[in-house]
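So the chains spell out like this:
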Amino acid sequence: MKPAPFDYIRPVSLAEACEVLAGDEDARIIAGGQTLIPMLAMRLARPSRLVDVIRLQELRGIRVEDDAIVIGATTRQAEVERSEEARAALPLLAKALPWVGHPPTRNRGTVGGSIANADPSAEIPLVAVTLGADIEIANTSDRTAMPADDFFIGPMLTAVTPGDCVCAVRFPRWQHARVGTGFHEVSARQSDFAFVAAAAQVALDDDSRCIEATLGLGGIGDRALRIDVSALIGHAPSETAIADIVRAAAKDLEASSDLHASASYRRRVAATLGIRALTDAFAEAASERGAGQ
Amino acid sequence: MKISLKVNGQLREADVEPRKTLLDTLREDFLLVGSHAGCEHGVCGACTVLIDGEPSRSCLMFAVQADGYEITTIEGLAPAPGELSVVQDAFCETHGLQCGYCTPGMVLTAHALLEHNDAPSRDDIVEAISGNICRCTGYGQIVEAVEFAADRLRKTNLPRHARSDANNPGKPPFGGNDALGHGVLTAVQPDTPRGGRA
Ligand code: FES
Ligand code: FES
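Residues numbered from 1 in each chain as written. Chains lettered and ligands numbered in written order. Predicted model: local features only at pLDDT ≥ 70, side-chain atom pairs only at ≥ 80, totals over all residues. Heavy atoms only, no water.

A. Up close: the packing of aromatic side chains. Summed over all chains, the structure comprises three aromatic pairs over all chains. Consider the rings of F151 of chain A and F152 of chain A, whose centres lie 5.0 Å apart with planes at 90°: the pair is edge-to-face. Over the ring of Y69 of chain B we find R108 of chain A; its NZ or CZ atom is 5.6 Å from the centre of that ring. (Phe/Tyr/Trp six-rings, centres within 6.5 Å; stacked < 30°, edge-to-face > 60°. Lys NZ or Arg CZ within 6 Å of the ring centre and 35° of its normal.)

Shown next, in the form of structure tokens:
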């Protein structure tokens, strides 16, 4: 259980990090290392060198803007979990974070690391897909942003090419007065990989009619998916109406089978958790007081 | 690569290969073997140390990454040679350890929890130690140990009259259904039908 030898570099700027990455295809970025180090220890990964970006201040921090909250890639998961600002501006992520690993791994694991790792059952990528976040990526020539939907390609597979560095995640903030969220997950043990996870966010108008709704499912296929729940918009749906819409959408989901859970189990649980997450979100939004009340 | 870090308050230096974990460096270079190697890939928590006060797995960090950080290992908790910290003592009192393999990680995790929160609920404690595996105790006495330590820490700063309940056998020293002494008074009443229970 010891990693193969590698070189270690601690660049002093993002530009330097990108240069090193551009010059060596086999170099890998290390930030929190909570997933990469076990992979090195088991020799599932054998990079030539590790580029440690965790101390780069330009990649760190939580910035709340009018219509978005931008979380720097090397911001630790525990920092986001503890931040009042992040909790207020991004309640869905706040609900998902306690499901990410364990407290000691969240102390070192980073938001950008989880995004770049692209585990299909991971919670942070699920929230990014559900809310339609943008992933900011830098390389030696420029800095671009890419919608989460295009960023995640498959299991541990992203649109990042060698030489790129994920530098921040921009989560949109909903402006509505009455917003509610829900998050549910099923795994073998608390904090283990999710068989299925569901994240939902809805907004209601003053008459409790839905004006915006989104539902994301993780763990069932090879990446997190957004489910079409636009049929909810304009209504104040009953629990059965929510259930019908989610079941219809989840019926033909492509789900994966493995030792832990069959595809049909995953589909069934996905529908159930999706309904629960949406129901929670509606209840929470209804308890928020609107502008006119 | 040369690194220097503060371990238990002392500046230590070492020349390590980049692939050497902080855990191996603590054990082999600094001979601090209280941090245990269990799984060496981040699953068991036996290697937990405090990095800048926060519990982290030392097998999931290379020593070169820890350069410049402050590390606390189990060897750094006791106030003086031959003494035990409040948390360590509570583990002894409540039989919170058997083989002891998980114990350094458990104690450090509990220590960090109580630094932030001296009145943790049972759920807070369970969540805090959820990343530490114990194959012996069944966790009951470990949770009890942390509750007990929290209770003692809270009381150390109280004037004597305010802690008079410590000697009152009717009132357990800390709350919760698993508290020491819970149910003892109602369950044991000899010479009455069904032990006096309703
Ligand atoms: S030895 Fe580090 S978590 Fe098991
Ligand atoms: S006391 Fe043996 S593993 Fe916990």
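B. Region of the structure containing the domain arrangement of chain B. Residue and element names in this part refer to chain B. Structurally, chain B comprises domain 1 (2-76) and domain 2 (86-163). Taken over C-alpha atoms, the centre of domain 1 sits 22 Å from the centre of domain 2. Contact with domain 1, which involves 18 residues of that partner, is made by 14 residues of domain 2. In total, about 1200 Å² of surface goes out of reach between domain 1 and domain 2, with carbon and sulfur atoms giving 61% of it. At the junction of domain 1 and domain 2, the tally comes to zero salt bridges. The interface formed by domain 1 and domain 2 holds six residue pairs in polar contact (both at pLDDT 80 or more) in total. Of all the secondary structure elements, the ones that give two or more residues to the side of domain 1 that touches domain 2 are β3 (48-51) and β4 (54-57). Residue composition of the side of domain 1 that touches domain 2, grouped by class: eight nonpolar, eight polar and two charged. (Domains from an automatic or database assignment. Contact = heavy atoms within 4.5 Å. Buried area = accessible area lost by both parts, 1.4 Å probe. Salt bridge = Lys/Arg side-chain N within 4 Å of Asp/Glu carboxyl O. Polar contact = N/O pair within 3.5 Å; in protein donor to acceptor, adjacent residues only side chain to side chain. Helix = DSSP H or I, 4+ residues; strand = E, 2+ residues; numbered from the N terminus. Nonpolar A, V, L, I, M, F, W, Y, C, P; charged D, E, K, R; others polar.)

C. Quick peek at the sheet that holds strand β12 (residues 194-204) of chain A. All names here are of chain A. Within the open sheet, the four strands sit side by side as β11-β12-β13-β14. Their pairing is antiparallel. With partners counted over all chains shown, the strands left at the sheet margins are β11 (178-187) and β14 (225-227), one partner each. Between one strand axis and the next, the sheet turns through 20° on average, direction left out of account. Both β12 and strand β13 (residues 210-218) contribute to a ladder of eight bridges, which runs antiparallel. In the sheet register, A199 faces β13, and the bridge partner there is G216. Packed onto the sheet, helix α8 (residues 123-131) meets β11, β12, β13 and β14 and runs at close to 145° relative to β13. (Pairing = 2+ DSSP bridges. Axes fitted to C-alpha atoms, helices over the stretch in contact; angles between N-to-C directions.)

D. Summary view of unusual backbone geometry. Residues and elements named next belong to chain B. Of note in this structure, L31 is not a glycine but carries a positive phi near 55°. Here L31 lies in the loop between α1 (22-29) and β3. The exposure class assigned to L31 is exposed, which follows from its relative accessible area of 65%. Look at Y139: it is not a glycine, yet its phi comes out positive at around 70°. Relative to the helices and strands, Y139 resides in the loop between α4 (122-128) and α5 (140-156). (Buried < 20%, exposed > 50% of the residue type's maximum accessible area, 1.4 Å probe, protein only.)

E. Inspection of the pairing of strand β1 (residues 2-7) of chain B at higher detail. Residues and elements named next belong to chain B. Residues I3, L5 and V7 line the buried face of β1, whereas the alternating positions K2, S4 and K6 sit on a face that is not buried. Both β1 and strand β2 (residues 10-15) contribute to a ladder of six bridges, which runs antiparallel. Counterpart to S4 in the pairing with β2 is E13. Counted between consecutive antiparallel strands, the loop separating β1 from β2 contains two residues, among which N8 sits at a positive phi close to 50°. Pairing of β1 with strand β5 (residues 70-72), which is carried by two bridges, proceeds in the parallel orientation.

F. Spotlight on the confidence of the model for chain A. Averaged over chain A, the pLDDT score is 94; the fraction of residues at 70 or greater is 99%. When pLDDT is averaged over each helix and strand of chain A, the minimum, 93, is found for helix α10 (residues 239-250) of chain A and the maximum, 98, for α8 of chain A. (pLDDT = per-residue confidence, 0-100.)

G. Structural view of α1 of chain B. For α1 of chain B, every residue scored as buried is listed here: L22, L23, D24, T25 and L26 of chain B. Count one or two residues on from α1 of chain B and you reach L31 of chain B, which has phi positive near 55°.

H. Quick look at the sheet that holds strand β10 (residues 165-172) of chain A. All names here are of chain A. With antiparallel pairing, five strands are arranged side by side in an open sheet as β4-β5-β10-β6-β7. Each edge of the open sheet carries a strand with a single partner, namely β4 (62-64) and β7 (143-147). Ignoring which end each strand starts from, the neighbouring axes of this sheet average 20° apart. Of the pairings in the sheet, the one linking strand β6 (residues 134-138) to β7 comprises five bridges and is antiparallel in character. Looking at the pairing, E136 lines up with A145 of β7. Relative to the sheet, helix α1 (residues 14-23) contacts β6, β7 and β10, its axis offset from that of β10 by approximately 125°.

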